[in-house]
Every structure is written in C-alpha cells, then in structure tokens.
Amino acid sequence: MVKWVVWLPVVFLLVRSLATRWFWPAVWPGEWSGRAWGAVRGEPVWNSLTLALAVMVGAVLIALLLVASFRKNAWVRWAVMTMALLPPLAASVGLHGAFLQLGLTDSWWGVALVHLIPATPYAVMAVAGSLSRFDEDLVAQARTLGAGRWAIWRYVKGPALAPGLATGAVFAFVVSWSQYVSTALIGGGRVVTLPMALVGYQQSGDEAVAAALSLVFLGAPVMLSVWVERGWES
Amino acid sequence: MGRAWLGILILLAGCAKPREVSFAMWTGDEARNRYFEEVVTPEVRAKYGLTLRIVPYGHTGEVVSKLITEKAAGKTSGSSVDVVWINGENFRAAKRAGVLWGPIEMPRLYPDEAYGKDFGTPIEGMETPWQSAQFVMAWDTARFAEPPRTVDGLVAWVKAHPGRFTYPAPPEFSGSVFTRHFLLAKGFDGGLAALREMKPYLWKQGETYPATIAELDRLFANNEIDFAMSYGPSFASERIERGTFPPTVRTFVFDSGTIGNYNYLAVPFNASDREAALTLIRDLTSRERLLDMAQKLGHTFPQKGPDPGLKRGVATLPMELLRERFLPEPDADELVRFEKAWRERVLLAR
C-alpha cells in the first residue's frame, strides 16, 4: 500500500504532461496531446547524465582519499563540511571569477568541477559514516591470515564499506543532477542541463512541458536508487 | 576542374571549423524554441555558414551579471554569448556597467520611438530593436459579453464583483505594467488611491496577490477570477492553442491606450565574433524574418509601414488598433518610485 502511494505524484505528472484543455471543474482532462514530450531534447539529458556520473565517481574517489586524512586532522573535516553549507549563489558568483581566470568557464569540465564542490561533502559524510563503524581489527586479522593490501580491500574493507560508498555515490549523483545556478554561471549557457531546460518552462507556466521534463528529471535518481537497493538485497 | 577542387577544399575547411554564433535568449516559450531550432538554425547555416547556438536563460539578468563578472575578471574576448536579447532594467544595468559593444549600425526599419529610450534609458545605439510587446487583458466571453474598457470602469466592475479580480504583485512584470495604467490615467496619487480603493474587493480581499503570471493564468483558467493579463498581445491565442485557456477567451485594451515597449538585441563587449553577431542581428531583424515569426508564432509585426495583413490568432487584436493605442513606458525612475509607493500605500495598507 505505502509503496503504491509513492507513485501517485508520478502518475499525476504523467497525466499533466499529456493533458490539454484541462479546466476546472473537470476531474479528468478533456483532450490528450504529445506536444509536451516533443519539448524533451536529448542534449540536456545527455549533459546532465554525463556530468552526474562523472561527479559521482569523482566525489567518491575524493571521499576515500579525504576520509583517510580525517583521523589525523579535524580541520580537514570542517573544511569539507563548509563546502556543503555555502549558499550556492554566493559561492558560484565568487567561483565564476576564479574559474574565469583559470579558463574553466563555458565548458563541460568546468561545470563538472563546480558540481564537485557541493557534491563531495555528501559523499564524504556517507563514506566517513561507514568507515567509523568499520572495525580495524578485521584488517589486522586478515593480515595475520596472510592477506596483502589488495586482498584486504577486495575481501574485507571493500565489502564492509560498500553500502557507504553506494550511498555517497547516490548523494553525489543527485546533488550534481539538481544544480542550476552553478551550471548556468560556469557553463555560460554552453552546457545546457535538464534543470536549465526546466526552469524556463516553469516560469512561463507551460505546465505540460514542465511536467514532462520533471518526469525525466525524476527518472534517473529513481532508477539509480532502485538499482542500489537491489544491489543491497542480493 | 580546378575550381571544383578549390570549392571542395573550401567546403572541407569550412566543415573542419564551423563558425559559431551564440544567441542568449529566454527559453520559456516552447513554440519559439522550436522555431529557432527548426527554422532559424538551418537557415542561418545555409545562408551565412554560421552555426547558431542558443544559450538558454531563465532570466536575462543572469547574462548581464555573467558579463559584469567577466569584465571584472578581465575576460575581454571569447565570451560564450555573441548576441543577447535584452531590454528595460537589464539594458540599463548592462549599459551602465559598460558590458555592451556599440553603437550598432542597423537600417532604421522601426517606428522612431523604438530608437529613443528603453524604459527611460537612452539607447544611443547600444541595442537595436527586435520585437515589440504591448499590454492586453483577457476575459472569457462564455462568462460575460463585454469587459470594462476604462480604468474607472474596471474599478467599478471590481467593486461590483468582489473576489473576481487580482493582478500579480509588482515588481512582477505584468502586474507592474498593469498598475502603471493607473499611474498614466489618474496620476501618481490618483492612481494609487484607485488601486487602494479596489484592494478590499480583490481575490482573497487583496490580502495576498499571485506572485507570477503563471499563477494568474491558472486562477483565470480555473474560473476563480475573471481577467488574465499579459505583456504579449497574442498570449491568449497561444494559451488557447496550447489548451490552457478555453477557446471562448478574447483580449481587450483600455480605450485610453495600453502600454507597450520594444525588446532589443545587443552585442556583449567581449563577444567572440562581432561580425557573426551582426549577421545574425541583420537576419533576425529583417522584414522577412519578422513576417515569418508573425505568421508562424503569432507575434506582432513591429516594423514601420502598413499592416502586412497577417493571419491573427482568434483572441489577438488587430495590429492597427494596438498601434493606435500605443502608450510608451514611463521613465524607469518614476516606475521604481511608483512600485515602491504601491507597496507602502496599497500592499501594506490596512
């Protein structure tokens, strides 16, 4: 029952994207049209997807590297967490100047880098969480059994950290997937992502197109979390 | 034979490095987006060998702030924007910050008022007129036959029908221009007094106002209020076509006139390719392009000369009527003062 309720907004969005001439007090649309779905272009979806995947991999790798240094230095932890707390507009405007000087604006790479800034802290939190629950004695035990560095990772530490890594990856993906201000500023309009396509239609009140794009927008994170959850169960 | 080879070589060279021109535009209108994708882009490529890139923005202000940051950082060339669609306060901000290149020399195809001031800011050739917009209101003929056509008539109508009228709260674009008709018809204090008088009879007793034009559209379509409004004369026809308004909706303007303005094209100071930018502007502001846009998108034809006799949307008023009733925007300073006063004397008034 509960699972079913979760899909209600999705059903509503689907109906809204296909409905036309739907006036109060009609409960059900009078006519249907595929117009809104014609407005879903490939380029923004592709850009959003490649960026989010790259940021996901990048954030998790950085998290693994940083988490190792946490134990020694609390300052690193604070510095990383601050990145998540920065107001996005202020941070992006400031970064825009810096990125301009480095020649990173108006490019896919620049946008990927700027997405890493809010995405990394989430990955770090997830990875740090699962690492703090990890019993280091297990590593010692594996070592006494003759396991090398690689084998320890492959059979002991890796599986133990996997849930944290997966959660971190999903967080990083979603954070990048939903960036708007930073993409618009650093991408200079050259790197068009789904949120950028969506915002215009939302503002002009073209609800059908906004609903269609919202469904696409919802699709990737939902599929990703379903996939991660499956991985859990198996 | 030699010529053919030369031709092929030039063609190959052309293919290897396509010349690009980027146009920053507001992309909230699906029909316009599609027109640019399916008509303008292939035509610009065929005619001038330019690859058109649309740089989409939710607000033009974002482009202006991007340019200002670029100027501060010393990026004086190679911008991702060659042409920007702009007007009003964004133009004022851009001109003041010196982030536009110009003056732009273009044939004067538009009425003189298009070249003077843009919301009170002297244009001085730093932007060139493109399309025009004019304020219209819409009502549903299925609900009542005739709307009030004067400011006083509207006030009387609102008082006779409590809860059936509202407008987006200024500084929202359309709500703001709506209140300026009161300013023009009744003066600064008189206009505010009339708006204040209407307030208790508005939707939700005037305690809250819609924040966006999309919200106003929704209230109107759902029969909660009886008037919609827009700065686009063909907005009701578009909404009917799109299926968000019933087909019985029509538009009207005040007998005393309705405020209009032009929107413009400008070239950023650090455009990558000024020549390409001018080529694109020449195409977009050509008579053929504007006629085509008027025909395919239902936009008003903004240039001088007689009405070219275009097919109008069902709810769109004739061009002569709109032109006859054209009122220019008041200066930006007065506009800002009026918006502030509205806030104190209408919005917050008890």
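Residues numbered from 1 in each chain as written. Chains lettered and ligands numbered in written order. Predicted model: local features only at pLDDT ≥ 70, side-chain atom pairs only at ≥ 80, totals over all residues. Heavy atoms only, no water.

Let us look at the overall build of chain A. In terms of regular secondary structure, chain A is built from 12 helices and two strands. Walking chain A from its N terminus toward its C terminus, one meets helices and strands in the order α-α-β-β-α-α-α-α-α-α-α-α-α-α. With the principal axes as the frame, chain A shows a C-alpha extent of 70 × 50 × 25 Å. Excluding contacts between residues fewer than 6 apart, the proportion of contacts in chain A whose partners are at least 24 apart in sequence is 70%. By element, 71% of the accessible surface of chain A is carried by carbon and sulfur atoms, the whole surface being about 12600 Å². Here chain A contributes 15 positive and 10 negative side-chain charges, whose respective centroids are spaced 6 Å apart. (Helix = DSSP H or I, 4+ residues; strand = E, 2+ residues; numbered from the N terminus. Contact = heavy atoms within 4.5 Å. Areas by Shrake-Rupley, 256 points an atom, 1.4 Å probe, with all protein chains shown as cover. Lys, Arg positive; Asp, Glu negative; His and termini not counted. Charge placed at Lys NZ, Arg CZ, Asp CG, Glu CD.)

For the rest of this paragraph, the subject is the overall build of chain B. Scanning chain B for helices and strands turns up 12 helices and 12 strands. Relative to its length of 350 residues, chain B is compact, with a C-alpha radius of gyration of 22 Å against a globular reference of 20 Å. Along the longest, intermediate and shortest principal axes, the C-alpha atoms of chain B span 80 × 45 × 35 Å. Taking as baseline every contact in chain B between residues at least 6 positions apart, the subset at least 24 positions apart corresponds to 78%. For chain B, the accessible surface area stands at approximately 15200 Å², while carbon and sulfur atoms represent 55% of it. Taking the average place of the 44 positive charges on the side chains of chain B and the average place of its 44 negative ones, the gap between the two points comes to 2 Å. (Rg over C-alpha atoms; globule rule 2.2 N^0.38 Å.)

Each aromatic ring pair is described using two quantities: the centre-to-centre distance and the angle formed by the ring planes. Residue and element names in this part refer to chain B. Inspection of the entire model under this criterion finds 32 aromatic pairs over all chains. An angle of 75 degrees between the planes, with centres 5.0 Å apart, marks the rings of Phe220 and Phe245 as edge-to-face. Separated by 25 residues along the polypeptide, Phe220 in helix α7 (residues 213-221) and Phe245 in the loop between α8 (235-242) and β10 (249-252) bring together distant segments of the chain. Neither residue differs from the other here; Phe220 and Phe245 are each classed as buried. One aromatic cluster is present, formed by Phe135, Trp139, Phe144, Trp157, Phe165, Tyr167, Phe178, Phe182, Tyr209, Phe227, Phe252 and Trp342 through successive ring pairs. (Phe/Tyr/Trp six-rings, centres within 6.5 Å; stacked < 30°, edge-to-face > 60°. Buried < 20%, exposed > 50% of the residue type's maximum accessible area, 1.4 Å probe, protein only.)

So, on to the domain arrangement of chain B. Residue and element names in this part refer to chain B. Domain assignment breaks chain B into domain 1 (16-132 + 262-322) and domain 2 (134-259 + 328-347). On the side of domain 2, 20 residues touch domain 1, which itself brings 16 residues to the contact. The contact between domain 1 and domain 2 buries some 1400 Å² in all, and 57% of this surface belongs to carbon and sulfur atoms. Taken as a group, Phe119, Ala315 and Leu322 account for 42% of the area that domain 1 buries against domain 2, more than any other trio of residues on that side. Counting every contact that joins domain 1 to domain 2 gives one salt bridge. Of the charged contacts in the structure, one is a salt bridge between Arg92 and Asp333, with a shortest N-O distance of 3.7 Å. In this structure, the connection of domain 1 to domain 2 is made through five residue pairs in polar contact (both at pLDDT 80 or more). (Domains from an automatic or database assignment. Buried area = accessible area lost by both parts, 1.4 Å probe. Salt bridge = Lys/Arg side-chain N within 4 Å of Asp/Glu carboxyl O. Polar contact = N/O pair within 3.5 Å; in protein donor to acceptor, adjacent residues only side chain to side chain.)

Every contact between the two is made by 33 residues of chain A and, on the other side, 37 residues of chain B. Overall, the association of chain A and chain B removes approximately 2900 Å² of surface from exposure, summing both partners, and the carbon and sulfur fraction of that is 46%. The three residues of chain A that bury the most area against chain B are A:Phe23, A:Arg41 and A:Arg190, which together make up 20% of that side's buried surface. Inspection of the chain A/chain B interface yields eight salt bridges. Between B:Glu20 and A:Arg190 there is a salt bridge whose closest N-O contact spans 3.4 Å.

All names here are of chain A. Side chains of Val6, Trp7, Val11, Leu218, Val222 and Val226 sit close together on the surface and give an oily, nonpolar patch of about 500 Å² of accessible area. Per-element accounting of the nonpolar patch gives the leading share, three residues, to helix α12 (residues 207-233). Relative to the elements of secondary structure, Val222 occurs in helix α12. (Patch = residues over 30% accessible without salt bridge, like charges linked within 9 Å, V, L, I, M, F, W, Y side chains within 5 Å.)

Residues and elements named next belong to chain B. Here Gly125 lies in the loop between β6 (121-122) and β7 (128-134). As for Gly125 and Ala185, which are separated by 60 residues in sequence, their C-alpha atoms are 31 Å apart. Once you skip the residues sitting within four places of it in the chain, Gly125 turns out to touch Pro103 and Ile104.

Attention now goes to the nonpolar core. All names here are of chain B. Judged by nonpolar contacts, the single largest core of 54 residues is most densely connected at Phe23, Phe36, Trp130, Leu265, Leu280 and Leu284. Considering each element in turn, this core owes the most residues, six residues, to helix α9 (residues 274-284). In this structure, Met137, Trp139, Leu219 and Ile225 belong to the second largest nonpolar core, which totals 52 residues. (Core = buried A, V, L, I, M, F, W, Y, C linked by side-chain atoms within 4.5 Å.)

All names here are of chain B. There is about 650 Å³ of room inside the second largest pocket. Those elements that provide at least two residues to the lining of the second largest pocket are α2 (30-48), α8 and α10 (287-297). A per-class count over the lining of the second largest pocket returns seven nonpolar, six polar and 12 charged. Looking at the lining of the second largest pocket, you find at least three residues from each of domain 1 (16-132 + 262-322) and domain 2 (134-259 + 328-347). (1 Å grid on protein atoms, 1.4 Å probe; cavity = no way out; pocket = protein on both sides within 12 Å on 5 of 7 lines; lining within 4 Å. Points joined across faces, edges and corners; volume = space filled by probe spheres on them. Nonpolar A, V, L, I, M, F, W, Y, C, P; charged D, E, K, R; others polar.)

Among the eight residues in strand β2 (residues 50-57) of chain B, six count as buried, and that is most of the element. This β-α-β element, strand β1 (residues 19-26) of chain B to α2(B) to β2(B), shows right-handed connectivity. (Right-handed = clockwise from strand over helix to strand, strands pointing away.)

Residues and elements named next belong to chain B. Spatial ordering of the open sheet is given by β9-β8-β10, a layout of three strands whose pairing is antiparallel. In this open sheet, the two strands that pair with only one neighbour each are β9 (228-230) and β10. When strand polarity is set aside, the average angle formed by the axes of neighbouring strands in this sheet is 30 degrees. By the bridge criterion, four bridges tie strand β8 (residues 136-140) to β10 in an arrangement that is antiparallel. Across the sheet, residue Trp139 finds its bridge partner in β10, namely Arg250. In the packing of α7 onto the sheet, contacts are made with β8, β9 and β10, and the angle to β9 comes to roughly 150 degrees. Packing against the sheet, α8 makes contact with β8, β9 and β10, and its axis sits at approximately 170 degrees to β10. (Pairing = 2+ DSSP bridges. Axes fitted to C-alpha atoms, helices over the stretch in contact; angles between N-to-C directions.)

In this section: the pattern of salt bridges. Summed over the entire model, instances satisfying the criterion amount to 31 salt bridges over all chains. Between B:Glu37 and A:Arg41 there is a salt bridge; the shortest N-O distance is 2.6 Å. One end of the pair, B:Glu37, is in helix α2; the other, A:Arg41, is in the loop between α3 (35-38) and α4 (42-70), on a second chain. Between B:Glu124 and B:Lys95 there is a salt bridge, and its shortest N-O distance comes to 2.7 Å. Of this pair, B:Glu124 sits in the loop between β6 and β7 while B:Lys95 sits in helix α4 (residues 88-97), placing them 29 residues apart in sequence. Among the ionic contacts, a cluster of salt bridges with common partners joins A:Arg41, B:Glu30, B:Arg34, B:Glu37 and B:Glu38.

Residue and element names in this part refer to chain B. Where burial is concerned, most of β7 is hidden: six out of the seven residues are buried. Direction of pairing for β7 relative to strand β11 (residues 258-268): antiparallel, over a ladder of six bridges. For Ala133, the partnering residue across the bridge sits in β11 and is Asn261.

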